[in-house]
Amino acid sequence: MNDTEKPADTPSEEEDFGDPRTYDPDFKGPVSNRSCTDVLCCMIFLLCIVGYIVLGLVAWVHGDPRRAAYPTDSQGHFCGQKGTPNENKTILFYFNLLRCTSPSVLLNLQCPTTQICVSKCPEKFLTYVEMQLLYTKDKSHWEDYRQFCKTTAKPVKSLTQLLLDDDCPTAIFPSKPFLQRCFPDFSTRNGTLTIGSKMVFQDGNGGTRSVIELGAANGINKLLDAKSLGLKVFEDYATTWYWILIGLTIAMVLSWIFLILLRFIAGCLFWVFMIGVIGIIGYVIILCIIEVIVILMLIFLRNRIRVAIILLKEGSKAIGYVPSTLVYPALTFILLSICICYWVVTAVFLATSGVPVYKVIAPEGHCIHENQTCDPEIFNTTEIAKACPGALCNFAFYGGKSLYHQYIPTFHVYNLFVFLWLINFVVALGQCALAGAFATYYWAMKKPDDIPRYPLFTAFGRAIRYHTGSLAFGSLIIALIQMFKIVLEYLDHRLKRTQNTLSKFLQCCLRCCFWCLENAIKFLNRNAYIMIAIYGRNFCRSAKDAFNLLMRNVLKVAVTDEVTYFVLFLGKILVAGSIGVLAFLFFTQRLPVIAQGPASLNYYWVPLLTVILGSYLIAHGFFSVYAMCVETIFICFCEDLERNDGSTEKPYFITPNLHGILIKKQLVPQKQKE
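Because the structure is predicted, anything quoted here is derived from the model rather than measured.

J.: Can you walk me through the overall build of the chain in this structure?
T.: Across its full length, the chain holds 21 helices and 12 strands. Residues counted as buried form 46% of the 674 residues belonging to the chain. Partitioning the intrachain contacts of the chain with sequence separation of at least 6 by distance along the chain shows that 74% fall at a separation of at least 24. Of the roughly 34,900 Å² of accessible surface on the chain, 64% is carried by carbon and sulfur atoms.

J.: Would you mind going over the layout of surface pockets with me for this structure?
T.: In this approach, a probe sized like a water molecule rolls over the atoms, and the result shows the empty space that is left. There is about 1,700 Å³ of room inside the largest pocket. Lining the largest pocket are 47 residues; nearest its centre among them are V427, Q431, H620, G621 and S624. Contributions of two or more residues to the lining of the largest pocket are made by α8 (217–282), α11 (328–351), α14 (408–442), α16 (468–494), α17 (501–535), α19 (554–587) and α20 (605–643). At 11 residues, α20 tops the list of elements feeding residues into the lining of the largest pocket. Classifying every residue of the lining of the largest pocket gives 30 nonpolar, 12 polar and five charged.

J.: Sorry, what's going on with the side chain of H467 here?
T.: Of note, H467 is situated in the loop between α15 (455–466) and α16. Among the polar contacts made by the side chain of H467, one reaches the side chain of R34 at a distance of 2.8 Å. Residues in contact with H467, not counting those within four places in the same chain, are R34, S35, T37, R462, I532, G536 and R537.

J.: Just to check I follow, could you spell out the environment of L92 for this structure?
T.: Mapped onto the elements of the fold, L92 is located in strand β1 (residues 91–94). For the pair L92 and I116, spaced 24 residues apart in sequence, the C-alpha separation works out to 5.7 Å.

J.: I keep staring at the packing of aromatic side chains and nothing clicks. Help me out?
T.: Centre-to-centre distance and the angle between the planes together describe a pair of aromatic rings. In the structure shown here, the tally under the stated rule is 21 aromatic pairs. Ring pairs connect the aromatic residues F27, Y442, W443, Y535 and F653, which therefore count as one cluster. The cationic tip of R537 hangs over the ring face of Y535; the distance from NZ or CZ to the ring centre is 5.1 Å. Above the plane of the ring of F27 lies R643, whose end atom (NZ or CZ) is 4.0 Å from the centre.

J.: So what exactly am I meant to see when it comes to the pairing of strand β6 (residues 181–184) here?
T.: Note on strand geometry: in a regular strand, side chains alternate between the two faces of the sheet. When strand β5 (residues 175–178) meets β6, the two strands line up antiparallel, connected through four bridges. Note that in β6 the partner of P177 across the bridge is C182.

J.: For this particular structure, what's the right way to read the packing of helix α18 (residues 539–552) against α20?
T.: The angle between the axes and the distance between the axes are what describe a pair of packed helices. Look at α18 against α20: their axes get within 10 Å of each other, and the N-to-C directions meet at 70 degrees. Judged by the inter-axis angle, α18 sits roughly perpendicular to α20. Contact residues: L549, L550 and R552 in α18; F634, I635, C638, E639 and E642 in α20. For the contact of α18 with α20, a count of residues per class yields five nonpolar, no polar and three charged.

J.: Is there a simple way to think about empty space enclosed by the protein in this case?
T.: With the rule as written, the count across this model stands at four cavities of 30 Å³ or more. Counted as a void, the second largest cavity has a volume near 80 Å³. Along the walls of the second largest cavity sit F93, Y94, F95, N96, L97, P122, A171, I172, F173, S175 and C182, which together make up its complete lining. Residues of the lining of the second largest cavity, tallied by class, amount to nine nonpolar, two polar and no charged.

J.: How do you make sense of the packing of α17 against α18 when you look at a structure like this?
T.: Axis separation between α17 and α18 bottoms out at 8 Å; the angle between their running directions is 105 degrees. By the angle between their axes, α17 is roughly perpendicular relative to α18. Residues F523, L524, N525, N527, A528, Y529, M531 and I532 of α17 form the contact with α18, whose own contacting residues are F539, S542, A543, D545, A546, F547 and L550. Broken down by class, the residue content of the contact of α17 with α18 amounts to 11 nonpolar, three polar and one charged.

Scoring rules and cut-offs
Residues numbered from 1 in each chain as written. Predicted model: local features only at pLDDT ≥ 70, side-chain atom pairs only at ≥ 80, totals over all residues. Heavy atoms only, no water. Helix = DSSP H or I, 4+ residues; strand = E, 2+ residues; numbered from the N terminus. Buried < 20%, exposed > 50% of the residue type's maximum accessible area, 1.4 Å probe, protein only. Contact = heavy atoms within 4.5 Å. Areas by Shrake-Rupley, 256 points an atom, 1.4 Å probe, with all protein chains shown as cover. 1 Å grid on protein atoms, 1.4 Å probe; cavity = no way out; pocket = protein on both sides within 12 Å on 5 of 7 lines; lining within 4 Å. Points joined across faces, edges and corners; volume = space filled by probe spheres on them. Nonpolar A, V, L, I, M, F, W, Y, C, P; charged D, E, K, R; others polar. Polar contact = N/O pair within 3.5 Å; in protein donor to acceptor, adjacent residues only side chain to side chain. Phe/Tyr/Trp six-rings, centres within 6.5 Å; stacked < 30°, edge-to-face > 60°. Lys NZ or Arg CZ within 6 Å of the ring centre and 35° of its normal. Pairing = 2+ DSSP bridges. Axes fitted to C-alpha atoms, helices over the stretch in contact; angles between N-to-C directions. Parallel < 35°, antiparallel > 145°, perpendicular 65-115°, else oblique.

If you want it as structure tokens, here you go:
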């Protein structure tokens, strides 16, 4: 069989997976005469976007981000807000932390004790009774204590009257601000948790309490340690942000260089990828096992790698003739950033929607009206105040009883779902536009003379104008799967304490199944978008055509697809690893000859991991264009083989090198069967 002959598929394959394409002298690539597809899905998608915009506007009207930025005292006033009496009082102080049972209660502002705004946290132990004794000698002690009291407080009240009026805390102890709230200043002394070097303290009511009685003290201490770590990380970012940007810029330039070189020396560059990755892996001794696995893969996949290299060369030519495709990842990044920002802002406004809700709080917990809704302005004149002496009407949370407030949880789910739908649509739009541009390149007989002007812009316009519904259809399927995965993770989190071994096993199986399903659908969607870009048909028809075409050429798929992705993955690892090694040497002061790195870092791994992750994402953005290019060329090649026979009347559009090696790889398994 010569190069112009096509290997015959078995009759069963043709019957099971449709009829092969036939020669069409008028077919010159992506059809220009097309109509709108999946109109119903397009309308549903647009209605969801309109609803999403309306939801954002309604949340903007009802929400108040200040509620997330500023803590709120018992009267519903913000601490630290400009233009208010609390402008210089930015920290929330709790009168009696002993009434709070867990850190979550404190952070949610639902601790059953009076809360006021203060300018600083207490720095020493002192009870109200001790302050009164000192006040007779030195009135300055009252001035220090009164900043933790209400403005109407006086230093001459008895302890009983103080408890009834609730004007001051019965005791204060060393604290420090965390999340704009005063928390105990915990420290460890000889392995024992202490506050201000004390394990016990006076509660101001004549009793002695231990540190542990504050409830969840260890949990709060961990939060404070996390805050200290966060501050150090922030300091490292503030010191190294300039160098991080330089590293990411180098990664972008390096990705560009690799993509350009792939056009001319793809084979040589692959071995550069391989040797570089092996060298980077070998830099860490622990990863030697991975290095051995990679070497074994190279040995067994050496023939398939030759095919992948030829495909990469062809992809390099396509990108060289359509260079605008390398800029498209920037547009995708901008669109994804807009979607993410809108989702975050809407979620914040939804979370802060509502009006202040006040609840009855009984300090001693002996009131039948406790936890009932109340009005602080008239509370002292109500029957509740008379029936429960000492009861308070304190701010509890933000909420409401309107229809909008009742459906806020549903709005959160809708916000998340539409967000997933939109980001998958943006990805689908990019894939379809790139596929249209690369298909235009492939079906040009004389390259680059027959390539029309602005192929990427034309393909993008067609995708938006005619196939928004089809792209929305495909992205909807992915969004639904991702939503199910999120629900599964949520249930796993809520039921974690009640799970047994069997339920954990089932959860693991479900995660694996959904992961496989999501990746399989993404693969099918990509090929469906290629068929949409070429023929302009609806999503289901395009997905069916793509699946049948791949199955009719399953042997070619086996030798090209995953191996090509493996080669591109090596390129990503090389870019990220190279920049990572340079960053490690730089941030650990081991490259003084080139440049003097920052010498005052708390954790050098903070900028290092940032540079590595950022470099990988940048390389992924560039190499994903290559992946889409290779996949489009491969689909077009399979179509080309079915439409043409390589004769003068029906010439192939593919280059002879790629045609020859793909046909050869397909014939080898068939000869082995014979």
